[in-house]
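Here is what each chain is made of, one letter per residue.
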Amino acid sequence: NAGVTQTPKFRILKIGQSMTLQCTQDMNHNYMYWYRQDPGMGLKLIYYSVGAGITDKGEVPNGYNVSRSTTEDFPLRLELAAPSQTSVYFCASNFLGGGEGEQFFGPGTRLTVL
Amino acid sequence: QKEVEQNSGPLSVPEGAIASLNCTYSDRGSQSFFWYRQYSGKSPELIMFIYSNGDKEDGRFTAQLNKASQYVSLLIRDSQPSDSATYLCESGGGADGLTFGKGTHLIIQP
């Protein structure tokens, strides 16, 4: 199993550009999450999904959108990138919901907006 | 609002000593607790989980849970330089789902 994979690993965007961060898991987990982590800080939840077709906002959803058309994929869309979105983005999946099981994290995408 | 509090550190510990990392949580309904280790530039990885009051040991690591005091800790015995990392505490299973602390930066001094 590859676990949770994310692409790209690194990206530089100009202000106002858009992009999609890809996340795929092969563990058949229903629960998937997107976090951002700013330097020296903890994880902040952006969006999460409890299954295909179902998504909900986390702590910091503004400026982002998600979709979940399949169990495996949970892409994160950035529209009109801003310097405040410079961060490392982690996707995670979990067999159990509500934080009752282990979070499996992808390797992260390091995004810089200039 | 559900909170998980950790001392951000840095916590500096001599090699071979015991490192003690602490975490408090606000949601009394939380049922599950996890410790993740995160090396600089890498993603978090699970070290320990604990669901019941008391101690749970795995090699050099011991997790301790006291639900009455809403307190979770992680002890690392015989600390090694490779243990230098940020340690994230997570609580879950309560009414508000999962919550991460901001992490404690641990430095093991050779």
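Predicted model, so just to flag it, every value in this text is computed and none were measured. (Residues numbered from 1 in each chain as written. Chains lettered and ligands numbered in written order. Predicted model: local features only at pLDDT ≥ 70, side-chain atom pairs only at ≥ 80, totals over all residues. Heavy atoms only, no water.)

Visitor: Got a minute to help me understand the interface of chain B and chain A in this structure?
Guide: The extent of an interface is frequently quoted as the accessible surface area lost upon association of the parts. Contacts between the two partners involve 20 residues from chain B and, on the opposite side, 17 residues from chain A. There are zero salt bridges connecting chain B and chain A. The interface formed by chain B and chain A contains three residue pairs in polar contact (both at pLDDT 80 or more). Elements represented by at least two residues in the side of chain B that touches chain A include exactly strand 4 (32-38), strand 9 (85-94) and strand 10 (97-100) of chain B. (Contact = heavy atoms within 4.5 Å. Salt bridge = Lys/Arg side-chain N within 4 Å of Asp/Glu carboxyl O. Polar contact = N/O pair within 3.5 Å; in protein donor to acceptor, adjacent residues only side chain to side chain. Helix = DSSP H or I, 4+ residues; strand = E, 2+ residues; numbered from the N terminus.)

Visitor: Looking at this structure, how should I read the sheet that holds strand 8 (residues 76-78) of chain A?
Guide: Backbone-to-backbone hydrogen bonds join strands into a sheet, with any given pair of strands oriented parallel or antiparallel. Residue and element names in this part refer to chain A. Across the sheet, four strands lie side by side as 1-3-8-7; this open sheet has antiparallel pairing. Either end of the sheet is taken by a strand with one partner, and the two such strands are strand 1 (4-7) and strand 7 (64-66). Averaged over all pairs of adjacent strands, the angle between strand axes in this sheet comes to 20 degrees, irrespective of strand direction. Bridge count between strand 3 (residues 19-25) and strand 8: three bridges; the pairing is antiparallel. Within the sheet, the bridge partner assigned to Leu21 lies in strand 8 and is Leu76. (Pairing = 2+ DSSP bridges. Axes fitted to C-alpha atoms, helices over the stretch in contact; angles between N-to-C directions.)

Visitor: Looking at this model, I keep getting lost on the nonpolar core. Mind explaining?
Guide: If you look at soluble globular proteins, the nonpolar side chains tend to sit buried side by side. All names here are of chain B. Counting 22 residues, the largest nonpolar core has Trp35, Val72, Leu74, Ile76, Tyr87 and Leu106 as its most contacted members. Secondary structure elements with two or more residues in this core: strand 3 (19-25), strand 4, strand 5 (45-50), strand 7 (61-66), strand 8 (71-76), strand 9 and strand 11 (104-109). Take this core: its biggest share by element is four residues, from strand 3. Those residues in contact with Ile76, other than ones at most four positions away along the chain, are Ala17, Ile18, Ala19, Leu21, Arg60, Phe61, Asp83, Tyr87 and Leu106. (Core = buried A, V, L, I, M, F, W, Y, C linked by side-chain atoms within 4.5 Å. Buried < 20%, exposed > 50% of the residue type's maximum accessible area, 1.4 Å probe, protein only.)

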